[in-house]
Amino acid sequence: MSSGDSGPLPVDFDSLSYDTEHVQAFLSDCEDFQALLDSSASITTISTACMALYVDYLSLYTEYSVCSVHYYRDPASYEADYLAFTFLFTRAGQAYQDAVHGMFRSDSFTDAYAAADGDLEELEELLDDYLDESITDEQLDLMDQESALVAGYWNALTAEYTATLPGSDRTWTREETESDPDLSDEDYWTLLSALAQARNAAAGPYLLELSSLRREIARSSGYDSVLDYYYETYYGRDYGREESEALFSYVKEHIVPVYSAYAAYYAAVCAGEEALNRYDGQGQAGKLAAVGPVIGQIAPELGELFDYMVESNLCDIERSDTKLDVGFTISLPSYRSAFLFDSPQGGYYDISTLIHEFGHFSAYCAAPSVNFSYDTAETHSQGLEALSLRYADQLFGEAGDAFRGADLYALLHAVVDGCLYGEFQVEFFDMEDPTLQDVNRLFRTLAQEYGYVYATDSDEAYDWVEVNHTFESPFYYISYATSAMSALDIWGESLSDRASAVEKYMALTAMGFNSSYKEALEESGLRDMLDAENIEALSSEIYTAIREISSESGDIPDEFSGGQTAGEGNAPEPDDEAAADGQDREAT
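Below you will find a few notes about this structure. Note that the structure is predicted; figures quoted are calculated from it, not measured.

**Notes on the pairing of strand β5 (residues 337-342)**
Part 1 of the argument: Where burial is concerned, most of β5 is hidden: six out of the six residues are buried.
Part 2 of the argument: Because side chains alternate across β5, one face comprises the buried residues Ser-337, Phe-339 and Phe-341, and the other comprises Ala-338, Leu-340 and Asp-342, equally buried.
Part 3 of the argument: Two strands pair when backbone bridges link them, and strand β3 (residues 315-316) and β5 are joined in this way by two bridges, in the parallel orientation. Paired with Asp-316 across the two strands is Phe-341, which belongs to β5.
Part 4 of the argument: As defined by bridge partners, strand β4 (residues 327-332) adjoins β5 across six bridges and the pair is classed as antiparallel. When the sheet's bridge partners are listed, Thr-329 is paired in β5 with Leu-340.
Part 5 of the argument: Between β4 and β5, which follow one another and run antiparallel, lie four residues, and Arg-336 among them has a positive phi close to 45°.

So, in C-alpha cells, the structure goes:
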C-alpha cells in the first residue's frame, strides 16, 4: 500500500504498546499550550504548537486502542489498565478540546486571522461544526461511573451459571446443556430457560443503573431526550425518533414477512450444512488465506489493503478462551489505519464476520473523518458481505449455496433484529423507574411483534442481556437495520449490474465515516432506506430473488407467513455474527 498523503501508513501492531504516563505528559503539554496562548507568541508559533498537540493526541488515541485490544483479548489481566486508561484518556480528550477552543478564540489568533482577510463568521461556524462543548467535571464523573458499570455488566455476562432440573441434584452449565444428548426436549428448554434467567438476574440490573446515569448525562448536556442526545452527539444521524418509529412499523409490515418466509429455506438448506464448518480447524491463517483472494476480486484496491492488514499484524481472529465474545474494528489514527478483532464462534459466521469487519477496516483507511456516522459505517461492512456472496462457491465449494443462503438470512436477520433492539431501546428509555421484570416483559412483547415464537410459557424474555450494545452503546442497534437494508439494495443491484453495484459501494467506502447515512446514500447513488416506498419495493425485490434462489427446494411459499422460534427457551437469540459485532464508539 502507498504511504503517501492518503491511505494507511506502515506499522506492525505487535510492536505497539501503551503507557498511561504518556497521558500525564500530554495533560501537562495542554497546560503549557494554554500558557502559550496568554503570551505574546506569534500566530505561527501557536499554530505549530497546536499541530504538535494534535499529533500527540492521535498518538494517545492509538495507545488507547492498543490497550482496548489487550483488554478484549484478556479482560481479567487488563481490566485495571483499561479502566485507568479510559479515565485518563477521557480527560486528555477534554484537555485537547479546551486547548483548541482556546487557540481559535484567543485574541492573538482571531486578530491574525482577520488580518489575513479571514472571515470571522466562517471561523465561528467552523467551531460550531467541529468542536464540541467543553465537558464539565460533573460529566467526567458520570462517564467514569458509566465505564465502571459497563465493566460490571461484562463480568456478570461472562460469569458461569448453573441450573438444576426438578428432583435432581445435578447441575448443568450452558455448555453441558447444549452438548448433552440424553436430555429430553422439555428438560433441555427448562435448563436453558433457568440459565438465561440467572444471567439476566445478574446482568440486567446494570442496565437499570445505566439508564438513570445516562439520563443525567443527557440532561447535563442540555438534552431532555436520551435518544436525541445519543442520536446527535454519538451517532451523527440525520434522522430522528419519528423516522425511526416509522421504520420499525415498515419493517414489521414489509420485511418480517419476507424473513419469516425465508426461514424454511434457511432451516432446510443452510442451518444444518456441515460443510459450512470447513474453516473451524484452520485458525487465523487459513481464514485469511481464503478470504483475501475474494476481497481482491471484488476490487483490486481492497485486495491490496487486505494484504497490508495481514502483513502488518492488524487483525486477531484466533480462538481464545480468554477473549470477550465480541467482534469489532478500532481506529489507529497515528497510522491512518485500524485493527480488526473477532472472537470466532465456528461455522460460516467466522468468515462472514471477517468480511464484515474488513468493510470497516477499509473505510478507516480510506478517508480521514471528523464526524462519524454509524449507519454509514455499518453499510460499509454489510455491503461488503453482500458483494462477497458472488464468491460463495469459491469459499465453501459444494456448500456455496448454503453459505449464500445463510448470509442472506443473516442480512435479513440484521434488519429485523436491528429494529427489534432499536425499538426496545427507544421504549426502554421511555419507561419510568422500570423493574427488571418490566424490561423482560417489554422485550418479549416486542419480539413477538417481530415474528418470534417462544418455546416456553412465560410473559418475560431473558436473553436480551447478551446483546452488549444495549449496555455499551444505547441506540446503536438500529444502524444494523438501516445498513443491512442498504446492503440488500447493493446485493440486489449486483445481480443485474455487478459493475454498478461495486462502483456505488466503493464510492460509499471512499467517503469514510464522514457523511451521514441519508447523505451518503444519495451521494453514492443508493436508495433512501428510510423511505416507505423504497422499503416496500426492496421487500418485493428480495422476495422475488430468494424465491429464485430456492426454486429447487420449493421451501419459499407463494405468500408470506410464519414466525421465528425464539432461542434459549425464552428469547430470540441474536445471530452470532450480529450479536458479537461491535464496540462502543467504534465501527463494529
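**Brief notes about the sheet that holds β3**
Part 1 of the argument: In spatial order, the strands read β3-β5-β4; together these three strands make up an open sheet with mixed pairing. If you trace the sheet from one side to the other, it starts and ends with β3 and β4, each paired once.
Part 2 of the argument: Running at roughly 160° to β4, helix α2 (residues 43-73) makes contact with β3, β4 and β5 of the sheet.

**Focus on helix α10 (residues 241-270)**
Part 1 of the argument: Taking 1.5 Å as the rise per residue, α10 with 30 residues should run 44 Å; its terminal C-alpha atoms sit only 36 Å apart, a clear shortfall.
Part 2 of the argument: Its axis deflected by about 40° at Lys-252, α10 carries its strongest bend there.

**Describing a nonpolar patch on the surface**
Part 1 of the argument: A cluster of nonpolar residues, Met-51, Tyr-54 and Val-55, forms a patch on the protein surface that exposes about 290 Å² of accessible area.
Part 2 of the argument: Relative to the helices and strands, Tyr-54 resides in helix α2.
Part 3 of the argument: Residue Tyr-54 is classed as partly exposed on the basis of its relative accessible area, which comes to 36%.

**Comments concerning the packing of α10 against helix α19 (residues 478-496)**
Part 1 of the argument: At a closest axis distance of 12 Å, the pairing of α10 and α19 adopts a crossing angle of 60°. Here α10 lies oblique to α19, going by the angle between them. Read as a crossing pair, α10 and α19 show a hand that is left-handed. On α19, the residues that touch Ser-244, Leu-247, Phe-248 and Val-251 of α10 are Ile-478, Thr-482 and Met-485.
Part 2 of the argument: Broken down by class, the residue content of the contact of α10 with α19 amounts to five nonpolar, two polar and no charged.

Procedures and definitions
Residues numbered from 1 in each chain as written. Predicted model: local features only at pLDDT ≥ 70, side-chain atom pairs only at ≥ 80, totals over all residues. Heavy atoms only, no water. Buried < 20%, exposed > 50% of the residue type's maximum accessible area, 1.4 Å probe, protein only. Helix = DSSP H or I, 4+ residues; strand = E, 2+ residues; numbered from the N terminus. Pairing = 2+ DSSP bridges. Contact = heavy atoms within 4.5 Å. Axes fitted to C-alpha atoms, helices over the stretch in contact; angles between N-to-C directions. Expected span 1.5 Å × (residues − 1). Bend = angle between axes of the 7 residues up to and from the residue. Patch = residues over 30% accessible without salt bridge, like charges linked within 9 Å, V, L, I, M, F, W, Y side chains within 5 Å. Areas by Shrake-Rupley, 256 points an atom, 1.4 Å probe, with all protein chains shown as cover. Salt bridge = Lys/Arg side-chain N within 4 Å of Asp/Glu carboxyl O. Parallel < 35°, antiparallel > 145°, perpendicular 65-115°, else oblique. Left-handed = near helix turned anticlockwise from the far one by under 90°. Nonpolar A, V, L, I, M, F, W, Y, C, P; charged D, E, K, R; others polar.

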